[in-house]
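Chains, contacts and geometry: an overview
Residue strings, one per chain:
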Amino acid sequence: MSAKVMPFAPQATMEMPILVVEDVVKRFDTPEGPLTAVDHMSFSVREGEFVSIIGPSGCGKSTLFSVLGGLVGGYEGKVTIEGQPIAGPHPAIGMVFQEDSTFPWRSVLDNVAFPLEIQGMSRADRYARARHFIAMVGLEGFEKRFPAELSGGMRQRVSIARTLAFQPKILLMDEPFGALDEQTRLLLGDKVLQIQQQLRQTMLLITHSISEAVQLSDRIVVMTYRPGRVKRIIDIDLPRPRSIDVVSSEAFGRYVAAIWSDLRDEASRGMNDAEARQRSSS
Amino acid sequence: MREARRYRLPPIAFGLGTVILAFAVIEVLIRADVISQYVMPTPWQVLLSFGRVVAEEDIPHRFLATAGECLAAGALMSVFGMLLGVALYRFRLLRAATETWVAAFAAAPLVLAYPLFLVIFGRTAWTIIMIGFLSGLAPVALKTLEGLTGVRPALLNVGRSFRLTPAQQFWKVLFPAAVPTIFVGFRLGFIFALINVVGVEFLINFGGLGQLINELAERYDLPGTYAAITFVILVSVLFFIALEGIERWLRPAS
Ligand SMILES: Nc1ncnc2c1ncn2[C@@H]1O[C@H](COP(=O)(O)OP(=O)(O)OP(=O)(O)O)[C@@H](O)[C@H]1O
Ligand SMILES: [Mg+2]
């Protein structure tokens, strides 16, 4: 059930995948010896596709994203973007991190305009573009505020807007909605989907929410717990464009149930593992 | 913002009130002869001596001399301290080899080496500035290092994923993130620098307020001595206000 490159879904065009992950292994040196965070993972993503990655806590999702984002080296395997193997951060990739990554010394507007400032865009242009993306994530009126004055979920939306303003071809989002309540999550997820379809962006989303993954994705990569492998890749054959209403359809329920049963085993393995470690350490 | 201003008044009032109260207590203690009049003048006497000291002892000139030396020492200390801190951050080997030494240097009573500086720089303001500069160097370097090492990895990753150049990564991410800690270093370093500047002025009997304190003390003009010390405090207050302003400009709202 491990490494397996998924064949393209039947409706796929013949275009080349924009992102290919081939046999990636990433180990960390820890005091208890080497720890395999990502183990022989392979999958590919086509242009404009929305792929979710789901798996129990600690299974290696964020580590996988660090590899894709070119932020860590020392891994085995290969990651290619449009046919080119990556070496370091690739200009086609934009990342939204799991932790709060807003700059506390910059206002919301200056946070979102940051990547544009780096690109050397004029102040007027970058502020105009930043305002557009701030409105997109529903933070109009907060442009002059500083991150310390915002809630965790609002800060996360600032990060999303900042990465969107960068207009990357491929967007990697590590649990961007983790700090949000279910309703806001649904609405913002819907928003992200609209943005993605508008901008024809390729999106990879890490999430803990099965229903969110089903609502948004073309495909879902389910990961195993320790070492993090591909357990299964599921095509979500729900009609597009999807609205929030899709959540109440019967097909939706079937997908959620299927993924839940896959995840349950992995999650309980993770829990047992954590409990065992606690026992041995105390 | 209006709200913030309204809350700025009570701390100032409270601070002033505390100072006045402390002076009143000292005044009473001295008058009741709990503290000897021969050791300490009453705050009232000090206050009365201000006019005399300012008029007769060329205070404006001396004040500027001391403030200028502090400014020079502070500028050197900030620039070189930060450079040293950045070097310690960047070069692991350098850090492993010298961090303890730098920390030990911070505690060294550098002022005792003043004869050496006199030989090198002569009885000029440079002797004073260099001792002030060197005594503030270590805290700035160590706090810069601490600030840079403490920057959250997520912020560094943002910079890296937006493909910042190393210079951009430093000026747009690392430095602003470390500013609060670096400024703690500036404050500490400045305190050390000021103490040493005034101390060396006193010791070598040259320059601004330190020399004046020396002379007034020799003349046993106690109220005048304390009045002169007040001007040293004023230098310190002015520098702290300036530092706070710069920090707020670099890092608004934090
Ligand atoms: N820099 C590191 N050094 C050592 N071990 C690490 C490092 N980063 C991650 N790990 C380990 O790798 C494993 C996977 O971590 P990762 O952050 O990728 O999990 P995750 O799937 O993102 O979890 P979560 O859903 O809780 O965010 C964990 O066991 C973690 O302890
Ligand atoms: Mg994670």
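Refer to the structure above for everything that follows.
Presented here is an overview of the structure given in this document.

Overview of the overall build of chain A
- Scanning chain A from N- to C-terminus turns up eight helices and ten strands.
- Against the 2.2 N^0.38 benchmark of 19 Å for 282 residues, chain A shows a C-alpha radius of gyration of 19 Å, consistent with a compact globule.
- Once the C-alpha set of chain A is aligned to its principal axes, its extents read approximately 55 × 45 × 40 Å.
- Every one of the 282 residues in chain A was classed for burial, and the buried ones make up 53%.
- Of the contacts made within chain A by residues no fewer than 6 positions apart, 69% connect residues no fewer than 24 positions apart.
- Of the accessible surface of chain A, which amounts to about 12400 Å², a share of 52% is contributed by carbon and sulfur atoms.

Notes on the sheet that holds strand β2 (residues 33-45) of chain A
Residue and element names in this part refer to chain A.
- Reading across the sheet, the four strands line up as β2-β1-β4-β5 and stay open at both edges, with antiparallel pairing between neighbours. With one partner strand each, in any of the chains shown, β2 and β5 (84-85) form the two edges of the open sheet.
- Each of β1 (19-30), β2 and β4 (75-81) touches helix α1 (residues 61-68); the most contacted strand, β1, lies at about 115° to it.

What to know about the site of ligand 1
Residues and elements named next belong to chain A.
- Lining the immediate environment of ligand 1, one finds 14 residues, of which Ser 57, Lys 61, Ser 62, Thr 63 and Arg 226 sit closest.
- Take Lys 61: an N or O atom from its side chain is 2.7 Å from an oxygen atom of ligand 1.
- A distance of 2.7 Å separates an oxygen atom of ligand 1 from a polar atom in the side chain of Gln 98.
- About the coverage of ligand 1: the protein hides 67% of its 640 Å² of free accessible area.
- Put simply, the parts of the chain that give the shell around ligand 1 at least two residues each are β2 and α1.
- In terms of residue count, the dominant contributor to the shell around ligand 1 is α1 (three residues).
- Of the residues belonging to the shell around ligand 1, the class tally is four nonpolar, seven polar and three charged.

Regarding the environment of Gln168(B)
- The residue Gln168(B) is located in helix α9 (residues 166-204) in this model.
- Sequence separation between Gln168(B) and Phe240(B) is 72 residues; the distance between their C-alpha atoms is 29 Å.
- Ignoring any residue separated from it by four or fewer positions in sequence, one finds Gln168(B) in contact with Ile118(A), Arg163(B) and Val173(B).
- Looking at Gln168(B), its side chain comes within polar contact range of the main-chain nitrogen of Thr165(B), at 2.9 Å.

What counts and what doesn't
- Residues numbered from 1 in each chain as written.
- Chains lettered and ligands numbered in written order.
- Predicted model: local features only at pLDDT ≥ 70, side-chain atom pairs only at ≥ 80, totals over all residues.
- Heavy atoms only, no water.
- Helix = DSSP H or I, 4+ residues; strand = E, 2+ residues; numbered from the N terminus.
- Rg over C-alpha atoms; globule rule 2.2 N^0.38 Å.
- Buried < 20%, exposed > 50% of the residue type's maximum accessible area, 1.4 Å probe, protein only.
- Contact = heavy atoms within 4.5 Å.
- Areas by Shrake-Rupley, 256 points an atom, 1.4 Å probe, with all protein chains shown as cover.
- Pairing = 2+ DSSP bridges.
- Axes fitted to C-alpha atoms, helices over the stretch in contact; angles between N-to-C directions.
- Near = heavy atom within 4 Å.
- Polar contact = N/O pair within 3.5 Å; in protein donor to acceptor, adjacent residues only side chain to side chain.
- Nonpolar A, V, L, I, M, F, W, Y, C, P; charged D, E, K, R; others polar.

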